[in-house]
2 protein chains.
Amino acid sequence: MGSRREILGIGAGMAAAGLMPGFASRAFAAESRRDRKIGYAVVGLGYYATRQIMPNFTGCEHSRLVALVSGTPAKLEQYGTQYGIPKTHRYSYAQFDSLRDNPDIDAVYIVLPNSLHAEYSIRAAQAGKHVLCEKPMATSVAECQAMIAACRKAGKKLMIGYRSRFEPYNRLAIELARGGHVGPTRFITAEHGFPIQPGQWRLDKALSGGGSMMDIGIYSLNAARYLTGEEPLEVSAVESTDRSDPRFATVEDRIGFVLHFPSGIQANCISSYSSAHNGYRVTGTQGWIAMEPATSYTGQAMTIRKDGVIAPRTLPPAARNQFASQLDHLAECVLTGATPIVSGEEGLADMRIIEAIYRSMVERRHIGLTA
Amino acid sequence: MGSRREILGIGAGMAAAGLMPGFASRAFAAESRRDRKIGYAVVGLGYYATRQIMPNFTGCEHSRLVALVSGTPAKLEQYGTQYGIPKTHRYSYAQFDSLRDNPDIDAVYIVLPNSLHAEYSIRAAQAGKHVLCEKPMATSVAECQAMIAACRKAGKKLMIGYRSRFEPYNRLAIELARGGHVGPTRFITAEHGFPIQPGQWRLDKALSGGGSMMDIGIYSLNAARYLTGEEPLEVSAVESTDRSDPRFATVEDRIGFVLHFPSGIQANCISSYSSAHNGYRVTGTQGWIAMEPATSYTGQAMTIRKDGVIAPRTLPPAARNQFASQLDHLAECVLTGATPIVSGEEGLADMRIIEAIYRSMVERRHIGLTA
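This structure is a prediction, so every number in the text was calculated from the model and none was measured.

J.: Would you mind showing me how to read the overall build of chain A here?
T.: Counting secondary structure elements, chain A contains eleven helices and 15 strands. For a compact globule of 371 residues, the expected C-alpha radius of gyration is about 21 Å, and chain A comes in at 21 Å, within 12% of that figure. Here the C-alpha coordinates of chain A stretch approximately 55 × 45 × 35 Å along the principal axes. Partitioning the intrachain contacts of chain A with sequence separation of at least 6 by distance along the chain shows that 69% fall at a separation of at least 24.

J.: Before we go on, may I ask you to explain the pattern of salt bridges in this structure?
T.: Two side chains bearing opposite charge may form a pair once their charged atoms approach each other closely. Residue and element names in this part refer to chain A. A complete count under the given rule lists 38 salt bridges over all chains for this structure. Arg-225 is the partner of Glu-346 in a salt bridge, and the nearest nitrogen-oxygen pair spans 3.1 Å. Within this pair, whereas Glu-346 is found in helix H11 (residues 344-363), its partner Arg-225 is found in helix H9 (residues 212-228), the two being separated by 121 residues in sequence. For Arg-225, a relative accessible area of 4% puts it in the buried group. A salt bridge links Arg-320 to Glu-332; the nearest nitrogen and oxygen atoms lie 3.3 Å apart. Of the two residues, Arg-320 is situated in the loop between strand S14 (309-313) and helix H10 (322-336) and Glu-332 in helix H10; the sequence distance between them amounts to twelve residues. Under the relative-accessibility criterion, Arg-320 is labelled partly exposed at 23%.

J.: Where do I start with the confidence of the model for chain A in this structure?
T.: Parts of the model with low pLDDT should not have their predicted coordinates read in detail. All names here are of chain A. When pLDDT is averaged across chain A, the result is 92; 90% of the residues are at 70 or more. Below a pLDDT of 50 lies the segment residues 1-32, which in the model reaches 37 contacts outside its immediate sequence neighbourhood of four places, other chains included. Scored as a complex, the prediction yields pTM 0.90 and ipTM 0.89.

J.: Explain the relation of the copies chain B and chain A here, please?
T.: Two copies of the chain are present, and they differ by a rotation about an axis and a shift along that axis. Between chain B and chain A, the superposition needs a rotation of 180° and an axial shift of 0.0 Å, giving an RMSD of 0.0 Å. What the rotation and shift describe, once combined, is the action of a two-fold rotation axis. Considering only C-alpha atoms, the residue of chain B closest to the rotation axis is Arg-365 of chain B, which sits at 1.8 Å.

J.: Help me understand the interface of chain B and chain A in this model?
T.: How large an interface is tends to be reported as the accessible area lost when its parts come together. Listed as interface residues are 40 residues of chain B and, on the opposing side, 40 residues of chain A. Both sides together, the interface formed by chain B and chain A hides about 3,000 Å², and carbon and sulfur atoms give 52% of it. By the criterion of area lost to chain A, the three top residues of chain B are Phe-187, Val-238 and His-366 of chain B, representing 19% of everything that side buries. Where chain B packs against chain A, one counts four salt bridges. At the junction of chain B with chain A, the criterion picks out 23 residue pairs in polar contact (both at pLDDT 80 or more).

J.: How do you make sense of helix H7 (residues 168-178) of chain B when you look at a structure like this?
T.: In an α-helix, one turn spans 3.6 residues; hence positions three or four apart end up facing the same way. Residues and elements named next belong to chain B. Along H7, the positions that sit buried rather than exposed are Tyr-169, Asn-170, Leu-172, Ala-173, Ile-174, Leu-176 and Ala-177. In this fold, the buried residues of H7 make contact with strand S7 (185-193), helix H9 (212-228), strand S11 (277-284), strand S12 (287-291), strand S13 (302-306) and strand S14 (309-313). Of the residues flanking the start of H7, the one acting as N-cap is Glu-167, its side-chain oxygen 3.1 Å from the backbone nitrogen of Tyr-169. Just past H7, the residue Gly-180 takes up positive phi, approximately 75°.

J.: I tried to follow the packing of aromatic side chains on my own but got confused; where do I start?
T.: Centre distance and the angle of the planes are the two values used to describe a pair of aromatic rings. Residues and elements named next belong to chain A. Enumeration over the complete set of coordinates arrives at 14 aromatic pairs over all chains. The rings of Tyr-48, Tyr-297 and Phe-323 are connected pair by pair, giving a single aromatic cluster. Across the ring face of Trp-288, the terminal group of Arg-281 is positioned such that the distance to the ring centre comes to 3.8 Å.

J.: Explain the sheet that holds strand S8 (residues 234-240) of chain A to me, please; I cannot follow it from the model alone.
T.: Either a parallel or an antiparallel arrangement is found when strands of a sheet pair, and the pairing is made through backbone hydrogen bonds. All names here are of chain A. Taken together, the nine strands give an open sheet; going across it, the order is S14-S13-S12-S11-S7-S10-S9-S8-S15, and neighbouring strands pair in mixed fashion. Each of the sheet's edge strands pairs with one partner strand only, and the pair in question is S14 and strand S15 (367-368). Relative to strand S9 (residues 254-260), S8 is paired through seven bridges, and the arrangement is antiparallel. Bridging across to S9, Glu-234 finds its partner in His-260. Its contacts with the sheet place H9 against strand S7 (185-193), S9, strand S10 (266-272) and strand S11 (277-284), and it is angled at close to 160° to S10. Seen against the sheet, H11 touches S8, S9 and S15 and runs at an angle of roughly 60° to S8.

J.: How should the environment of Asp-204 of chain A be read in this particular structure?
T.: All names here are of chain A. By the secondary structure assignment, Asp-204 is in the loop between S7 and helix H8 (205-208). Measuring from C-alpha to C-alpha, the distance between Asp-204 and Glu-143 comes to 18 Å, with 61 residues separating the pair along the chain. Aside from chain neighbours lying at most four places away, what touches Asp-204 is Thr-250 and Val-251.

Thresholds, definitions, all that
Residues numbered from 1 in each chain as written. Chains lettered and ligands numbered in written order. Predicted model: local features only at pLDDT ≥ 70, side-chain atom pairs only at ≥ 80, totals over all residues. Heavy atoms only, no water. Helix = DSSP H or I, 4+ residues; strand = E, 2+ residues; numbered from the N terminus. Rg over C-alpha atoms; globule rule 2.2 N^0.38 Å. Contact = heavy atoms within 4.5 Å. Salt bridge = Lys/Arg side-chain N within 4 Å of Asp/Glu carboxyl O. Buried < 20%, exposed > 50% of the residue type's maximum accessible area, 1.4 Å probe, protein only. pLDDT = per-residue confidence, 0-100. Least-squares fit on C-alpha atoms with pLDDT ≥ 70 in both. Buried area = accessible area lost by both parts, 1.4 Å probe. Polar contact = N/O pair within 3.5 Å; in protein donor to acceptor, adjacent residues only side chain to side chain. Phe/Tyr/Trp six-rings, centres within 6.5 Å; stacked < 30°, edge-to-face > 60°. Lys NZ or Arg CZ within 6 Å of the ring centre and 35° of its normal. Pairing = 2+ DSSP bridges. Axes fitted to C-alpha atoms, helices over the stretch in contact; angles between N-to-C directions.

So, in structure tokens, the structure goes:
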């Protein structure tokens, strides 16, 4: 592991240099900062962090893994060794606030259970770190607003881990859908779900804040928003949960929901914890753009029907995968001063709608949404 | 046309024989009746009747075209000549009630605008004829109930033209879905729509009773019911109609609706008059069964995903197409005394839900349905 550690340059103290004040101009400063890599602390060493995120720092241009935070000493030891993270850069949750004193750490990536997102994002901002937080941003609108306020007050970036926005086929779908490639969009269908195994924190509402909607249905919701570029005016949602199934003692299983957008576009969406779905289709007046799978880790497939002809649409292999591109996006925003395309406001927008979806299914009525 | 006329045996007077009372037993009577063909009067000579239904009598085993009803003398002349229908068997609407006096006519097929379905179905029953009525059955629950009562009182069959129930791929989909081929069903998505051209009776609410939902969305609704074999407990519907579009001055364009069934199955459905859709997908715990197109006149295509493997599923060519099978089904019911699988009660069940869909989208709330 020694060689990887040398390549990453961890602990060399060079990271802080680019942030020194006193450059002649902001533009010059931004230019210089592009040359360095932003140091990330990954917070929470579960499956997604260790299997999907951490291996992808090697594909980054502007990001490097410099610290780990976990409540499990054995994980800190295992992954610390694997990724060449020195003991001085391995933290327990009790030590979380001392991230402040580590100049190698520019940003934290919060990969904790949903109900901990707000607390640790806010504490990270207060420790002077930029924040990349997994979706769902938090478990309530109020938490999202507190996170945005904390990062604003600290002058730090806040980005939400909507990785599909960095995946080339999804980017193409956005371009084609919004550009009217198959005519103006009339309907979107979006389905996301998987049969969940028992015994996960996701099934404990105290940790997850909700069931399939928070975890996987949010992909359907977010896709409907990014494929339209609009915010829905109204939502109606119907729940189906077998409460006698021990998996669903505290969280919902299935939700079918309809979003109505200002231009008239409707999105019919599915969220499920008891069946497998991963796809969306944008139907315009002249055809449709379909993605299946749409938001998977790999293997996106696009099919287009236009003027009666159905054909696959393929892209050349991407230089960076969606995970590396996402990590680098926050890094680039830090280096250039730009705002992330998936900011805290984006996470808040989804959370407002999720709260409306939950209200709709409980109150059995349509819920209007105002900006 | 003479030869066809001879083959059809029109006007030979033989049709009435099988209906004569006095056979030794009902079973014997039914057996004998199977040997003859049921004579149909087609009422309304528009596109669907003349292009889709009438050409398909030649593929029938138990049905023959014996009479025509139209308000347009030129159509009676044109199609009467084409199909060898004698002048005595060509009727104007003013002459409709005199169908009673023609023993060659066993059944009428009502292919009129929706708002005329109830009146002509009831008058046909009162004239002693069995009734096959196009979908939607009528424009209200009250009309459907009156039609059922009239046919019951007259002792005549009432069948609704849900042709997909006679289409082999749809029959297979029902068998696979209800049989748990991909595990118990969790979600159904069903999309039907087409960009409607202006200037049609379908766009005049006085004739149609409603917009896309009555005309094409009913396929999504009916599919959800036949794929589950259940009646929904609740519906929620959201409308999107651009009332500045002259096509939609009196009828709705798009509806997204969610049905919740007793077993927990949800159906997310689409009805559209401004985009093309024709498909459904049944997702179970182990995969899915997809049909696209699903309810077209021809060309049904089925794809199944099971245990991670996606493959097309094909059937050998059918002996009779769905149009001929539908015509023969009513004939067989008349000959054997059976009740049509798509009875008036089936049309009424859809109409109850359509009324609930309309209420849901207007009142902006979920509408409960009781049996």
